[in-house]
Amino acid sequence: MAARIPVLISRNPYEVIVGHDILRRAGEFISQVLPASRCALITDSNIAPLYAETVETSLEAAGFEVTTIIVPPGEPSKALGFIEDVCDQMIEAGLDRRSAVIALGGGVIGDLAGFVASIFYRGIPHVQIPTTVVAQVDSSLGGKTGVNSRKGKNLLGAFHQPSLVITDVNTLDTLPKREFNEGFGEIIKHAAIRDAAMLEDLLAETSPDLGELISRNVKIKARIVAEDEFERHGLRALLNFGHTIGHAIENAAGYGRYLHGEAISLGLVAAARISVKKADLSEESAEKIITALKAYNLPTSLPADITTDTLLAALSRDKKFESGAIRFVVVPELGEAFVSKDVTEEDLREAIESLR
Ligand SMILES: NC(=O)c1ccc[n+]([C@@H]2O[C@H](COP(=O)([O-])OP(=O)(O)OC[C@H]3O[C@@H](n4cnc5c(N)ncnc54)[C@H](O)[C@@H]3O)[C@@H](O)[C@H]2O)c1
Ligand SMILES: O=C(O)C(=O)C[C@@H](O)[C@H](O)[C@H](O)COP(=O)(O)O
Ligand SMILES: [Zn+2]
């Protein structure tokens with residue numbers, strides 16, 4: 001049985017369908033929310049040989065005419081040049097304003113394809129079919145789409161909600177261990193800001209039920225996004241816990257050296273320590289976050305070649321800076337979070353140094 005989790009955005013609510021072996025039903029599900037039309041199935045060259053044919057066959061059976069577009073795998077593909085290439089291929093294939101985009105892949109494909117959908121002929125609908133833990137628990141819902149700039153992570157993009165998310169847990173069977181583990185960076189983030197019991201569960205069990213874990217995380221994110229779709233009221237910003245320093249690491253290390261969840265792991269360690277200093281988080285609670293990250297083999301220390309000064313320079317381009325002041329997410333106790341304006345450059349420097 002598939003679970004259907006609503007994302008109750010006021011203008012256009014949609015569902016996240018989470019189930020086992022549901023990829024072959026993609027066409028059926030999509031035809032319930034979008035008219036059969038031309039569509040671009042955007043994926044990467046690792047995922048295409050594994051899953052593209054199943055989705056193509058299912059879409060065609062539901063009356064869609066499919067053009068499959070394949071980009072190279074990995075973070076470097078989240079760049080403006082690839083957006084233009086993909087759009088050119090869609091124009092050449094004759095897609096029009098009634099067409100749709102289907103994103104089949106991890107967060108890189110989801111963010112890139114979602115952004116393509118947001119700008120193609122000034123915006124067409126899209127559906128997310130996430131195939132990594134990161135994408136299934138986080139990036140496929142919420143409508144943040146975009147690419148990296150040389151200057152900083154995710155600096156170019158648009159809010160563009162999907163019409164549907166189809167999450168087939170079985171696609172995780174082919175995910176390499178490193179890519180599987182990185183997803184727990186985002187899960188541990190969700191636990192730290194909203195679900196202390198989930199952190200205890202993660203610390204207690206080594207092989208959690210994936211379907212249940214994914215649904216639990218989707219519900220956490222869906223509630224936040226429904227209340228603060230455009231990150232205007234401070235609530236959605238909490239999903240950025242660990243991301244200020246994490247994003248700076250991705251940029252300073254060179255996109256792709258760290259997987260997103262790995263960089264977020266480092267950011268979470270630093271943010272947990274800043275929370276101890278600035279928000280009275282207990283040392284014991286901070287240690288729980290760090291222990292959970294280590295249990296999934298996520299990095300908790302930084303190599304010397306990524307210097308503190310380079311990181312602080314990258315950090316100054318974070319989207320959460322307002323009028324030159326950093327807004328930094330801290331956790332006062334597990335399961336709760338708030339945005340602090342009291343975190344200084346010295347606090348950031350000290351937390352980065354603590355990662356050495
Ligand atoms: N929009 C959001 O709200 C949001 C949230 C979290 C992360 N993100 C973004 O997501 C990106 C990271 O996503 P990711 O971690 O999924 O990385 P990714 O998309 O690069 O996927 C990781 C690797 O796994 C491969 N892969 C994907 N699915 C597979 C499968 N089922 N079997 C075998 N191989 C598979 C990919 O080809 C890639 O090599 C970052 O750019 C991050 O900024 C966005
Ligand atoms: O959906 C959100 O909001 C998030 O912050 C989720 C994050 O895990 C994700 O990495 C997001 O892309 C970061 O957002 P950004 O606005 O800092 O780029
Ligand atoms: Zn993230």
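This structure is a prediction, so every number in the text was calculated from the model and none was measured.

**Looking at the domain arrangement of the chain**
- Along its sequence, the chain is carved into domain 1 (3-174) and domain 2 (177-353).
- Between domain 1 and domain 2, the residue contacts involve 30 residues of the former and 29 residues of the latter.
- Those elements that provide at least two residues to the side of domain 1 that touches domain 2 are β1 (3-7), β2 (14-19), α5 (133-139) and β8 (152-159).
- Looking at which element gives the most residues to the side of domain 1 that touches domain 2, the answer is α5, with five residues.
- Its residues assigned to classes, the side of domain 1 that touches domain 2 shows 16 nonpolar, 10 polar and four charged.

**Some words on the site of ligand 1**
- Every one of the 31 residues lining ligand 1 counts as a neighbour, but Asn46, Gly106, Gly107, Thr132 and Ser139 are closest to it.
- Elements with a contribution of two residues or more to the shell around ligand 1: α4 (107-119), α5, α6 (177-194) and α10 (260-279).
- Looking at the shell around ligand 1, its residues break down into nine nonpolar, 14 polar and eight charged.
- Each of domain 1 (3-174) and domain 2 (177-353) contributes no fewer than three residues to the shell around ligand 1.

**Regarding the packing of helix α3 (residues 80-92) against α4**
- Viewed as axis vectors pointing N to C, α3 and α4 meet at an angle of 60°, and their least axial separation amounts to 10 Å. Put simply, α3 runs oblique to α4. The handedness of the crossing between α3 and α4 comes out as right-handed. Residues Phe82, Ile83, Val86 and Cys87 of α3 lie in contact with α4, whose contacting residues are Leu112, Phe115 and Val116.

**Some points on the environment of Glu350**
- Among the structural elements, Glu350 can be located in helix α13 (residues 345-353).
- Residue Glu350 is classed as partly exposed on the basis of its 15 C-beta neighbours within 10 Å.
- When the C-alpha atoms of Glu350 and Asp209 are compared, they prove to be 38 Å apart, with 141 residues separating the residues in sequence.

**Quick word on the UniProt feature "domain: 3-dehydroquinate synthase N-terminal" (unreviewed entry) in the chain**
- The sites that carry the UniProt feature "domain: 3-dehydroquinate synthase N-terminal" (unreviewed entry) are, in the present numbering, residues 69-181.
- With 34% helix and 29% strand, residues 69-181 has end C-alpha atoms that lie 27 Å from one another.

**Observations concerning the packing of helix α9 (residues 243-253) against α10**
- Where α9 meets α10, the closest approach of the two axes is 7 Å, and the angle between their N-to-C directions is 135°. Between α9 and α10, the angle is such that the two are oblique. Of the two possible hands of crossing, α9 and α10 adopt the one that is right-handed. On the side of α9, the interface is formed by His243, Thr244, Ile245, Gly246, Ile249 and Glu250, while α10 contributes His260, Ala263, Ile264, Leu266, Gly267, Ala270 and Ala271.
- Classifying every residue of the contact of α9 with α10 gives seven nonpolar, five polar and one charged.

Rules used in this analysis
Residues numbered from 1 in each chain as written. Chains lettered and ligands numbered in written order. Predicted model: local features only at pLDDT ≥ 70, side-chain atom pairs only at ≥ 80, totals over all residues. Domains from an automatic or database assignment. Contact = placed C-beta atoms within 7 Å. Helix = DSSP H or I, 4+ residues; strand = E, 2+ residues; numbered from the N terminus. Nonpolar A, V, L, I, M, F, W, Y, C, P; charged D, E, K, R; others polar. Near = placed C-beta within 6 Å. Axes fitted to C-alpha atoms, helices over the stretch in contact; angles between N-to-C directions. Parallel < 35°, antiparallel > 145°, perpendicular 65-115°, else oblique. Left-handed = near helix turned anticlockwise from the far one by under 90°. Buried ≥ 20, exposed ≤ 12 C-beta atoms within 10 Å, placed from the backbone. UniProt positions renumbered as here; feature names shortened; annotations may be inferred.

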